[in-house]
Amino acid sequence: MEINITVIFQIIIFLLYIYLCKKYVWPYINNIIEKRQKEIYIEYKKIDNIKNNILFLKNKAKKIINDSKKKSFKILLEAKYEGILLIKKAKRKAKYEYKNIINKAKFEINIEKKNIYNNFFKKISNILNLMLIKITNNTFNSKLNNKFIYKILKNYKFK
């Protein structure tokens, strides 16, 4: 291969082209590449921060859920305990009311018994008094018999 002027001229132009590219084009392209790398780095950092925030919020949510479960369990236990206390209190009150009603009924029954006995004895005493009056009247008439006593009892039946 022969080196002639054309080849030398092409080498010089090529070297000049490389020099110009290195001096003017390469820094511009390099700047764009560096900016893009910085943007990518910043976006990765943002993504890492978001991931960390998500993990933090996830842990915080788990803690809140666990605390809520504990509180709700505690509230349920307290409610059950209060319910049991209310039921026991209601039972005691019902037993007290039951005893009061029974005692009141017994008292009223006793009063009614006494009234019935009193009325019964009054009627019996009235009948006996009438019988004695009739007997005394009949003794004077001297005709005392059993028919007479039955007649008196029929006239004064228990009402």
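Notes on the structure follow. Here the residue numbering is sequential within each chain, running from 1 through the sequence in written order. Local features in a predicted model are, by the rule used here, given only for residues with pLDDT of at least 70; side-chain atom pairs are given and counted only at 80 or more, and totals for whole chains, interfaces and linings are based on all residues. With hydrogens and water set aside, each side-chain value is computed from the structure's full complement of heavy atoms.

### Quick look at the overall build of the protein
Here comes step 1: Check the secondary structure of the protein and you find two helices and zero strands.
Here comes step 2: Here the protein has roughly 15,800 Å² of accessible surface; of this, 65% comes from carbon and sulfur atoms. By the criteria applied, helices consist of DSSP H or I runs no shorter than four residues and strands consist of E runs no shorter than two, each listed in order from the N terminus. Reported accessibility uses the Shrake-Rupley method at a 1.4 Å probe radius. Residues are deemed covered only where the shown protein chains occlude them.

### Some details on a nonpolar patch on the surface
Here comes step 1: Patch membership needs two things, relative accessible area over 30% and no salt bridge, and members are linked within 9 Å if like-charged or within 5 Å if nonpolar (Val, Leu, Ile, Met, Phe, Trp, Tyr). One speaks of a salt bridge when a side-chain nitrogen belonging to Lys or Arg is within 4 Å of a carboxyl oxygen belonging to Asp or Glu. Together, Leu16, Tyr19, Leu20, Tyr24, Val25, Trp26, Tyr28, Ile29, Ile32 and Ile33 make up an exposed nonpolar region whose accessible area comes to about 1,000 Å².
Here comes step 2: Inspection of the secondary structure assignment puts isoleucine 32 in helix 1 (residues 5-141).

### With respect to the pattern of salt bridges
Here comes step 1: This structure, assessed with the given rule, holds two salt bridges.
Here comes step 2: The partner of glutamate 39 in a salt bridge is arginine 36, and the shortest N-O contact between them spans 3.4 Å. With glutamate 39 and arginine 36 both in helix 1 and three residues apart, this pair spans about one turn of that helix.
Here comes step 3: Burial classification: accessible surface area is computed with a 1.4 Å probe over protein chains only, and a residue below 20% of its type maximum counts as buried, one above 50% as exposed, and the rest as partly exposed. In this structure glutamate 39 comes out as partly exposed when scored by relative accessible area, which is 44%.
Here comes step 4: Between glutamate 43 and lysine 46 there is a salt bridge, with its nearest N and O atoms 3.8 Å apart. Of the two residues, glutamate 43 and lysine 46 are both situated in helix 1; the distance of three residues between them amounts to about one turn of the helix.
Here comes step 5: Looking at lysine 46, the relative accessible area reads 44%, which means it is partly exposed.

### Things to note about the packing of aromatic side chains
Here comes step 1: Only centres within 6.5 Å qualify two rings of Phe, Tyr or Trp (six-membered ring in Trp) as a pair; their planes then separate them into stacked at under 30 degrees, edge-to-face at over 60, and tilted for everything else. Within the structure shown, the criterion is met by two aromatic pairs.
Here comes step 2: By the ring-pair criterion, three or more aromatic residues cluster together here, those being Tyr117, Phe120 and Phe121.

### Let's talk about a positive patch on the surface
Here comes step 1: Together, Lys88, Lys89, Lys91, Arg92, Lys93, Lys95 and Lys99 make up a positively charged patch on the protein surface.
Here comes step 2: For lysine 91, a relative accessible area of 52% puts it in the exposed group. Neither His nor the chain ends contribute to the count of charged residues, in which Lys and Arg are positive and Asp and Glu negative. A charged residue contributes its charge at one atom only: NZ of Lys, CZ of Arg, CG of Asp or CD of Glu.

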